[in-house]
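Working through the structure, step by step
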Amino acid sequence: MTAVQNAGPLIRLAALSKHYGTHLVLDQIDLEVVKGEVLAIIGPSGSGKSTLLRCINYLEVPDGGLITVGPTTIDATRAASRSELSGLRRRVGMVFQSFNLFPHMTVLRNVSLAQERVLGRTRRDADERSMQLLKRVGLADKAGQYPVRCSGGQQQRIAIARSLALDPEVMLFDEPTSALDPELGLEVLAVMRELAESGMTMIVVTHEMGFAENVSDTVMIMADGKIVEKGPSAQVMRNPQQERTKRFLRAVHDR
Amino acid sequence: MTAADFLAILRGLPLTIALTMGAFTAGALLGIPLLAARQSRLLPLRFVSMVLIQIVRGIPPILWLFIIFFGLGMSYVPISPFNAALIGLSLIAAANMAEIYRGALASIHFGQWEASRSLDLGRWSTLVDIAAPQVFRVALPSAASYLIGLMKETAVASTIGVAELAFQGNQLSQSTFRGLEVFAIVGLFYVLLSLPVAWLSRAADAYLQAKVAR
């Protein structure tokens, strides 16, 4: 068999929809993200941006539509199998607003565990890789500590390392700095910027307009479960076309 | 009180300890499959285990011992008083431990499950690596205070003739007519037994708190 080079987008969402009861959270979302692209999703609370992100690795189960990540496509209209979900989740890393480190494990163990359980690496190999990653996020000295001994910014950087340890093809960030004070947020943003520059494909739900404008390639504005506007970051942030986008950005800048 | 009287009470100590530790160990172990059944995705299993837990917890321990010893033991399968008490108390401990585990499980932050899923850890690893250590850690203080309660509960075994502390005290008080002193000593034994449990639980809790408090 010859491997067919996938020239298309790394991620493709087609007509993705999701209801909570009668409330429509995602309304027929179509979205493509190419390899190496950094996409920032911004918009008001309740616009569906977090739900969209969480559908991509099936933490939320959509009601309809197609999700494609690399060679894996899941049809949301039928129940996903265990192996389909694995295929999806192994390609997709996720960083949460509340970090969600495992409090009963050392920092090193947090980063190594899934490498052993999911990738089958030996403890020694996993720990070696973990130390590389902890060094990369500037926290090699915290390896033996428990998460509770780390600041919020440090915990979030550890969470990023934990996710990177599975060698994902795309990283999802769900408001990664929203639970942090501005200074701690900055150290997390620095790590994310470095990750973006290294060529990682990233989708970032954020309220950090600086990141959206300066780090991301593409910015997408969502409101009421729909994509309002999407385009190159400089264009969307400085010269938005849609009235809804202008209103949202005005509210951000007037603050 | 003579030294001989004191020794007579002391003779009940091993059986009290054996009943307590036996029932607690069995309960702590059996509580795990019981919790699993209680949390099962299969409705019948969930229902049966819930009813079982409610029945076991709803009937007074002394009645359970009577049911097992006089009810089953005298008419179906011959059973010694000690075994009857051990079985009865183990059942009760299992139901109570399952509920203690369930409370601890509910206290685990939902973000822990989401992190496990996003890392594709799988059901077994999530259970063994993520949930179980946190459940045991949270359950520890409740389990320790239940252990002390169970230790006192073993006194009901005296009613079916298990020669543990309360039984020995009762015998001695009837032969010496010095009930107050005798039962004061018996009470002191129970207090002395509970102290190391309370102390160990607090020490373990403080140790874990310092390491992994949230």
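Residues numbered from 1 in each chain as written. Chains lettered and ligands numbered in written order. Predicted model: local features only at pLDDT ≥ 70, side-chain atom pairs only at ≥ 80, totals over all residues. Heavy atoms only, no water.

1. Considering the overall build of chain B
Just so we agree on the cut-off: Labels follow the DSSP assignment, with helices taken as runs of H or I lasting at least four residues and strands as runs of E lasting at least two, numbered in each case from the N terminus. Buried, partly exposed and exposed residues are distinguished by accessible area as a fraction of the type maximum, computed with a 1.4 Å probe on protein chains only: under 20%, between the cut-offs, and over 50%, respectively. Residues are treated as being in contact if the distance between any of their heavy atoms lies within 4.5 Å.
Within chain B, the regular secondary structure consists of nine helices and zero strands. If one aligns the C-alpha atoms of chain B with their principal axes, the spans along those axes are about 70 × 45 × 20 Å. Counting the 214 residues in chain B, one finds 43% classified as buried. Sequence separation of 24 or more characterises 75% of the internal contacts of chain B that already satisfy a separation of 6 or more.

2. Some words on the sheet that holds strand β9 (residues 218-223) of chain A
All names here are of chain A. Rule in force here: Pairing between strands requires that DSSP locate at least two bridges from one strand to the other. Axis definition: a line fitted to C-alpha atoms, over the contacting stretch in the case of helices. Angles run 0 to 180 degrees between N-to-C directions.
Judged by pairing direction, the sheet is mixed, and its six strands sit side by side in the order β6-β7-β8-β3-β9-β10 without closing on themselves. Each of the sheet's edge strands pairs with one partner strand only, and the pair in question is β6 (92-95) and β10 (226-232). The sheet shows a mean angle of 15° between the axes of neighbouring strands, taken without regard to direction. Across five bridges, strand β7 (residues 170-174) lies against strand β8 (residues 201-205) in parallel orientation. Within the sheet, the bridge partner assigned to Phe173 lies in β8 and is Val204. Sheet strands in contact with helix α2 (residues 82-91) are β6 and β7, and its direction is about 65° off that of β6. Strand contacts of helix α9 (residues 243-253): β3 (38-42), β9 and β10, with the helix running at about 80° to β10, the strand carrying the most contacts.

3. Considering the interface of chain A and chain B
What counts here: Defined here as a combined quantity, buried area equals the accessible surface (1.4 Å probe) lost by two parts on assembly, summed across both. Definition used for salt bridges: Asp or Glu carboxyl oxygen within 4 Å of a side-chain nitrogen of Lys or Arg. Here a polar contact is recorded for every N or O atom pair within 3.5 Å, except that within protein the pair must consist of a potential hydrogen donor and a potential acceptor, and residues adjacent in sequence are included only if both atoms are side-chain atoms. Gly is placed with the polar residues, together with every amino acid not listed as nonpolar (Ala, Val, Leu, Ile, Met, Phe, Trp, Tyr, Cys and Pro) or charged (Asp, Glu, Lys and Arg).
Across the contact, 27 residues belong to chain A and 22 residues belong to chain B. For the pair chain A and chain B, the two sides together bury roughly 2,100 Å², of which 57% comes from carbon and sulfur. Sorting the residues of chain A by area buried against chain B places Phe102, Pro103 and His104 of chain A first, and these three jointly supply 24% of that buried surface. The interface formed by chain A and chain B contains four salt bridges. The partner of Arg54 of chain A in a salt bridge is Glu114 of chain B, and the shortest N-O contact between them spans 2.6 Å. Where chain A touches chain B, the interface holds 10 residue pairs in polar contact (both at pLDDT 80 or more). Within the residue set of the side of chain A that touches chain B, elements represented by two or more residues are α2, β6 and α3 (107-119) of chain A. Of the residues in the side of chain A that touches chain B, the class split is 15 nonpolar, five polar and seven charged.

4. Some points on the confidence of the model for chain A
What counts, and what does not: On a range of 0 to 100, pLDDT expresses the predictor's confidence in each residue.
Per-residue confidence for chain A gives a mean pLDDT of 93, with 97% of residues at or over 70. In the model, residues 1-6 of chain A has pLDDT below 50 throughout and makes one contact with residues more than four positions away in sequence or in other chains.

5. Description of the pairing of β10 of chain A
Residue and element names in this part refer to chain A. Inspection of the sheet shows β9 paired to β10 by six bridges, in the antiparallel sense. When the sheet's bridge partners are listed, Ile221 is paired in β10 with Glu229. Between β9 and the antiparallel strand that follows it, β10, lie two residues; Asp224 among them carries a positive phi value of about 50°.

6. Structural notes on the confidence of the model for chain B
Of all residues in chain B, 98% attain a pLDDT of 70 or more, and the chain-wide mean is 93. Interface scoring of the predicted complex returns ipTM 0.91; its pTM is 0.87.

7. A closer look at the environment of Leu13 of chain A
Residues and elements named next belong to chain A. Secondary-structure assignment places Leu13 in strand β1 (residues 11-20). Classification of Leu13 as buried rests on a relative accessible area of 2%. For the pair Leu13 and Glu32, spaced 19 residues apart in the sequence, the C-alpha separation amounts to 6.4 Å. Ignoring anything within four residues of it in the chain, the contact list for Leu13 reads Ile29, Asp30, Leu31, Leu52, Ile56, Leu66 and Ile67.

8. Section: the packing of helix α1 (residues 3-10) of chain B against helix α8 (residues 165-176) of chain B
Residues and elements named next belong to chain B. This is how it is decided: Angle categories: roughly parallel below 35 degrees, roughly antiparallel above 145, roughly perpendicular from 65 to 115, and oblique for all the rest.
Contact geometry of α1 with α8 gives a least axis separation of 8 Å together with a crossing angle of 150°. Between α1 and α8, the crossing angle belongs to the class labelled roughly antiparallel. Between α1 and α8, the residues in contact are Asp5, Ala8 and Ile9 and Leu165, Gln168, Leu172 and Thr176, respectively. Among the residues forming the contact of α1 with α8, the class breakdown is four nonpolar, two polar and one charged.

9. Some thoughts on the pairing of strand β4 (residues 64-69) of chain A
Along a regular strand, successive side chains alternate from one face of the sheet to the other. Residues and elements named next belong to chain A. Burial of β4 is extensive: five of the six residues sit out of reach of the surface. For β1 and β4, the ladder comprises five bridges, and the chain directions are antiparallel. Its bridge partner being in β4, Ser17 is matched across the sheet by Gly64. Relative to strand β5 (residues 72-75), β4 runs antiparallel, the two being bridged by four bridges. Within β5, the position partnered with Val69 by the bridge is Thr72.

10. Describing the pattern of salt bridges
Evaluated as defined, the whole model comprises 21 salt bridges over all chains. For the salt bridge of Arg54 of chain A with Glu60 of chain A, the shortest nitrogen-to-oxygen distance reads 3.1 Å. With respect to class, Arg54 of chain A is no different from Glu60 of chain A; both count as buried. Across the pair Arg90 of chain A and Asp120 of chain B runs a salt bridge whose closest N-O atoms are separated by 2.9 Å. Here Arg90 of chain A, found in helix α2, pairs with Asp120 of chain B, found in the loop between α6 (110-118) and α7 (122-153), and the two come from separate chains. Of the residues examined, Asp120 of chain B reaches a relative accessible area of 4% and is grouped as buried. In the salt-bridge network here, residues are joined through shared partners; they are Arg109, Glu116 and Arg117 of chain A together with Asp129 of chain B.

11. What to know about a nonpolar patch on the surface
All names here are of chain B. Note the threshold: Residues qualify for a patch when their relative accessible area is over 30% and they have no salt bridge, like charges being joined within 9 Å and the nonpolar side chains of Val, Leu, Ile, Met, Phe, Trp and Tyr within 5 Å. Residue burial considers only the protein chains on display, and all accessible areas are found by Shrake-Rupley using a 1.4 Å probe.
Taken together, the side chains of Ile62, Leu63, Phe66, Ile67, Phe70 and Met74 make up a nonpolar region of the molecular surface, amounting to roughly 510 Å² of accessible area. Mapped onto the elements of the fold, Met74 is located in helix α4 (residues 61-75). A residue is classified by how much of its surface remains accessible, and Met74, at 57% relative accessible area, is exposed.

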